[in-house]
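Chain by chain, the residues:
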Amino acid sequence: MKKENKTTTNKAGFSSKLGFVLAAVGSAVGLGNIWRFPYLAAKYGGGIFLLVYILLAVTFGFSLCLSEIAIGRRTGKSVLSAYKDVHPKFGGLGLLAAVVPVIILPYYCVIGGWVIKYFTVFVSGEKAALATAEAGKDAYAAYFDSFISSTGPSILFFMIFLLLTAVIVIMGVEKGIEKVSKLLMPLLVLLTIGISVYALTIDGAMDGVKYYLTPDFSKFSFKTVVAAMGQLFYSMSIAMGILITYGSYMRKEDNIEEAVRYVEIFDTGIAFLAGLMIIPAVFAFSGGDESALGYGPGLMFVTLPKVFDYMVGGRVVGIVFFLLVTLAALTSSIALLETVVSMLMEKFRIKRIPACIIAIAVSVVMGLLSIFGYGIFSDFTIFGKQMLDFFDFISNNVIMPLVALITCILIGWVVKPKYVEEEVMENSKFRSKRLYEVMVKFICPVCMLIIFISSLIGYV
């Protein structure tokens, strides 16, 4: 029996496959690719982590990404309603998934504000003057801590980043998101390649390149696989509602399987280049110390500024790097805000601008909580975490793996893989059909369960 086409014909959408691919890549390429991937690669064996990551990208990541895009295009609805269309008893999954972008967007814009601040700092030369060689290593950490604990400047840069995001989303799917993605993504790729090439010219960088590209199987472990799965899960925008939203804007004549392959190639390529521009540089300036790559904000806002300050032409490199990170963060925040706006427009039957205003208002309130968590509310914690860290944990480590796990169960065992396959084969062959069926029914659910359990164990 031919499937029912529920896609609404009057819904705004992307004008081309290229527009969809670049927007989807933009949603995936963000802060996780630029700083999280390099420090995980350094921690879990360099080349062996890279190899495991690539293998998972073409199997695990491909299957989850394709499932969400197909659900979005087949239903033509936002993540809030799409799951109910797939199966009436799974409407609650849509509500759970809808919470993710609402939580992530505000604190993501707070961090985006930090990035813009550091961009202005390197443009003005303020940081280089403050953290001199004589001041020592702690000066860099002290500068960062001083900034995030100062309420006024943090709010200012948070609002700048949020309003930049909002302006683009207000312009709409084709005139805003698609046009900006076509401009920003090629620029982002060029900047990444440029910094990577420059990093390779630094004395001592080749030791870092060797560590990064040469698989050392003695360093392979179960933790390597779990870390690679977790990074892939976050970097491809899985279970954030983004891919379902963008899928609902995708044209029926476009090939879903081909589009997903492009997305994973671009996303993995940017992550690879990020490692190539960061790991060799940090290795060179730390004498091969892997721990110098640090964790979380420490790498981007403490370690790298120090490297740039001591590097010949480092101020220019710092300017270009933080411009690159700003663009990467912006493309992801656009996708997050569009997902929230899409839900509000659909649920309350309102136009784009009122929906944007509501989303911005909620984001401001929640963003201020994240900012105050490092300032006036610094003594207040939830389960031992600052507000921003708690929002990050509850969304990335709890809700998202749970949403992806239930989605696999829904597609693999309730409505069966045929539900997705029919949409993929709407106008083309599904070359990876067998692989997809095995992944979505057996491998992906197990992977998601492992990520979910390991996240909870890691927190405890």
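Because the structure is a prediction, the values reported are computed rather than measured. (Residues numbered from 1 in each chain as written. Predicted model: local features only at pLDDT ≥ 70, side-chain atom pairs only at ≥ 80, totals over all residues. Heavy atoms only, no water.)

> Tell me about the overall build of the protein chain, and name the residues and values.
Of regular secondary structure, the protein chain possesses 19 helices and zero strands. A compact globule built from 460 residues would reach a C-alpha radius of gyration of about 23 Å, and the protein chain, at 21 Å, matches this within 12%. For the protein chain, the spread of C-alpha atoms along the principal axes amounts to about 75 × 50 × 40 Å. Long-range contacts, defined here as pairs at least 24 residues apart, represent 83% of the contacts in the protein chain between residues at least 6 apart. Surface summary for the protein chain: the accessible area is close to 18,000 Å², and the carbon and sulfur share equals 68%. On the protein chain, the mean spot of the 38 positive side-chain charges and the mean spot of the 31 negative ones are 9 Å from each other. (Helix = DSSP H or I, 4+ residues; strand = E, 2+ residues; numbered from the N terminus. Rg over C-alpha atoms; globule rule 2.2 N^0.38 Å. Contact = heavy atoms within 4.5 Å. Areas by Shrake-Rupley, 256 points an atom, 1.4 Å probe, with all protein chains shown as cover. Lys, Arg positive; Asp, Glu negative; His and termini not counted. Charge placed at Lys NZ, Arg CZ, Asp CG, Glu CD.)

> Report on unusual backbone geometry, specifying residues and quantitative values.
Its identity is not glycine, yet Ser-237 carries a phi of approximately 60°, on the positive side. Judged by its relative accessible area of 1%, Ser-237 falls in the buried class. Backbone geometry places Ala-239, a non-glycine residue, at a positive phi of 65°. Mapped onto the elements, Ala-239 comes out in the loop between helix H11 (222–235) and helix H12 (242–248). Since its relative accessible area comes to 2%, Ala-239 is described here as buried. (Buried < 20%, exposed > 50% of the residue type's maximum accessible area, 1.4 Å probe, protein only.)

> Can you explain the packing of aromatic side chains? Please cite residues and give values.
Taken as a whole and judged by the stated rule, the model has 31 aromatic pairs. For the ring pair Tyr-246 and Tyr-249, a centre distance of 6.5 Å and an interplane angle of 35° mean the geometry is tilted. What makes Tyr-246 buried here is its relative accessible area of 1%. With relative accessibility at 5%, the residue Tyr-249 sits in the buried group. Chaining the aromatic ring pairs together yields one cluster made of Trp-114, Tyr-118, Phe-122, Tyr-143, Phe-144, Phe-301, Phe-308, Phe-321, Phe-322 and Tyr-374. Over the aromatic face of Phe-62 sits the side chain of Arg-261, whose NZ or CZ is 3.7 Å from the ring centroid. Between Lys-441 and the ring centre of Trp-413, over which it is positioned, the NZ or CZ distance is 4.7 Å. (Phe/Tyr/Trp six-rings, centres within 6.5 Å; stacked < 30°, edge-to-face > 60°. Lys NZ or Arg CZ within 6 Å of the ring centre and 35° of its normal.)

> Run through the packing of helix H8 (residues 151–170) against helix H15 (residues 314–348), naming residues and quoting values.
To describe two helices that pack against each other, one gives the angle between their axes and the distance between the axes. For the pair H8 and H15, interaxial distance at closest approach is 9 Å and the crossing angle is 60°. Between H8 and H15, the crossing angle belongs to the class labelled oblique. Seen along the crossing, H8 lies across H15 with a hand that is right-handed. Contacts from Phe-161, Leu-164, Thr-165, Ala-166, Ile-168 and Val-169 in H8 reach Thr-326, Ala-329, Leu-330, Ser-333, Ile-334, Leu-337, Glu-338 and Val-341 in H15. When the residues that make up the contact of H8 with H15 are grouped by side-chain class, the tally is 10 nonpolar, three polar and one charged. (Axes fitted to C-alpha atoms, helices over the stretch in contact; angles between N-to-C directions. Parallel < 35°, antiparallel > 145°, perpendicular 65-115°, else oblique. Left-handed = near helix turned anticlockwise from the far one by under 90°. Nonpolar A, V, L, I, M, F, W, Y, C, P; charged D, E, K, R; others polar.)

> Help me get a handle on the layout of surface pockets, residues and values and all.
Reported here for the largest pocket is a volume of approximately 1,300 Å³. What lines the largest pocket is a set of 48 residues, among which Arg-36, Tyr-39, Tyr-234, Asp-392 and Asn-397 lie closest to the centre. Looking at the lining of the largest pocket, the elements with two or more residues in it are helix H1 (17–28), helix H2 (31–43), helix H5 (91–124), H11, helix H14 (297–310), H15, helix H17 (387–414) and helix H19 (433–459). Grouping the constituent residues of the lining of the largest pocket by class yields 27 nonpolar, 15 polar and six charged. (1 Å grid on protein atoms, 1.4 Å probe; cavity = no way out; pocket = protein on both sides within 12 Å on 5 of 7 lines; lining within 4 Å. Points joined across faces, edges and corners; volume = space filled by probe spheres on them.)

> Which residues make up H11, and what values go with them?
Look at H11: 20 Å from first C-alpha to last across 14 residues, which is about the 20 Å you get at 1.5 Å a residue. The element H11 is extensively covered by neighbouring structure, given that 11 of its 14 residues are classed as buried. One or two positions beyond H11, positive phi appears at Ser-237, with a value near 60°. (Expected span 1.5 Å × (residues − 1).)

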